[in-house]
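Summary of structural features
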Amino acid sequence: MKITADLTKRQLLVNGAVFSVSCRVRTVCDGTRGRDEVVRSIPDNLPYDPMPFPKGLWNITGVERQEDKGFDRSVYGPVKIRTDARQKVNVWELDADGDYRKESERQINDAGYLLHYSASGTTLGCIRLDSPADAETIAGVIQRLFEKGEAVQLEVV
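Residues numbered from 1 in each chain as written. Predicted model: local features only at pLDDT ≥ 70, side-chain atom pairs only at ≥ 80, totals over all residues. Heavy atoms only, no water.

A short note on the environment of E136
Among the structural elements, E136 can be located in helix α3 (residues 132-147). Counting along the chain gives 20 residues from E136 to H116, while the straight-line C-alpha distance between them is 9.4 Å. Those residues in contact with E136 that sit more than four places away from it in its chain are R65, P78 and V79. (Helix = DSSP H or I, 4+ residues; strand = E, 2+ residues; numbered from the N terminus. Contact = heavy atoms within 4.5 Å.)

Structure (structure tokens):
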């Protein structure tokens, strides 16, 4: 099955149903992230300025539930929907205080892009689902497909 996320329309199409989503990212470059709010890439753990979920066709790789994994419900909601999405990002140089100083030309892969609910209106590039109930519904559809041995893809346009 293919799920489609249209980030411009702020819609996620899942099995014929339409869900509201967003992908608002606070960045140093646009002035919405403070220079002391350093974010690190996954898996290299290097400083970078967050970017929106990358466009393309990705695989949904898993569903993790908060009650099983114990992650922060206010950050991730009741479930994390994992993907293999990745993109090149520029590493940032830090100053003596560990704050963003300047963007370098060095590029690395960043991964760890999820679909999840968050109490915050912004993410670090993940697709934010509009409500905990939506997150549970979407995760349930995906989980049932996984149990039947079906692959689930995510197309981000």
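Back to the text.
A few points about the packing of aromatic side chains
Ring pairs (aromatic) are described by centroid distance and by the angle formed between their planes. As enumerated under the stated definition, the model contains three aromatic pairs in all. Across from the ring centre of Y76, 4.1 Å away, lies the NZ or CZ of K80, which sits over that ring. (Phe/Tyr/Trp six-rings, centres within 6.5 Å; stacked < 30°, edge-to-face > 60°. Lys NZ or Arg CZ within 6 Å of the ring centre and 35° of its normal.)

Section: unusual backbone geometry
A cis amide bond links I42 with the next residue in sequence, P43, at an omega value of 10°. Position of P43 among the secondary structure elements: in the loop between β4 (39-40) and β5 (47-48). Of note, R10 is a non-glycine position whose phi angle comes to about 60°, a positive value. According to the relative accessible area criterion, R10 is partly exposed, its value standing at 46%. (Buried < 20%, exposed > 50% of the residue type's maximum accessible area, 1.4 Å probe, protein only.)

With respect to the pairing of strand β12 (residues 153-156)
Burial of the side chains of β12 is restricted to one face: L154 and V156 are buried, whereas none of Q153 and E155 on the reverse face is. In this structure, strand β1 (residues 2-6) lies alongside β12, joined through four bridges in parallel fashion. Paired with K2 across the strands is Q153, a residue of β12. Across four bridges, strand β6 (residues 56-65) lies against β12 in antiparallel orientation. Within β12, the position partnered with W58 by the bridge is L154. (Pairing = 2+ DSSP bridges.)

A few points about the nonpolar core
If you look at the biggest cluster of nonpolar residues, it comprises 30 residues, and the most contacted ones within it are L12, F53, I127 and L154. Looking at this core element by element, the count peaks at six residues for α3. Excluding anything up to four places from it in sequence, L12 contacts I3, T4, A5, A17, V18, F19, V21, L115, L129, I138 and L154. Counting residues in each nonpolar core, the second largest holds eight residues, with Y48, V89, W92 and Y100 among its members. (Core = buried A, V, L, I, M, F, W, Y, C linked by side-chain atoms within 4.5 Å.)

What to know about the pairing of strand β10 (residues 114-117)
Neither face of β10 is open: one carries L114 and H116, the other L115 and Y117, and all of them are buried. Bridging between strand β7 (residues 79-83) and β10 involves three bridges; their strand directions are antiparallel. Looking at β10, one finds that R82 is bridged to L114. Pairing between β10 and strand β11 (residues 127-129): three bridges, direction parallel. What sits directly across from Y117, in β11, is L129.

Observations concerning the pattern of salt bridges
The tally for this structure, following the rule as stated, stands at five salt bridges. Here E155 ties to K2 by a salt bridge, and the two come within 3.0 Å at their closest N and O atoms. Of this pair, E155 sits in strand β12 while K2 sits in strand β1, and the two are 153 residues apart along the sequence. For K2, a relative accessible area of 44% corresponds to the partly exposed category. Across the salt bridge formed by R82 and E64, the nearest N and O atoms sit 2.8 Å from each other. (Salt bridge = Lys/Arg side-chain N within 4 Å of Asp/Glu carboxyl O.)

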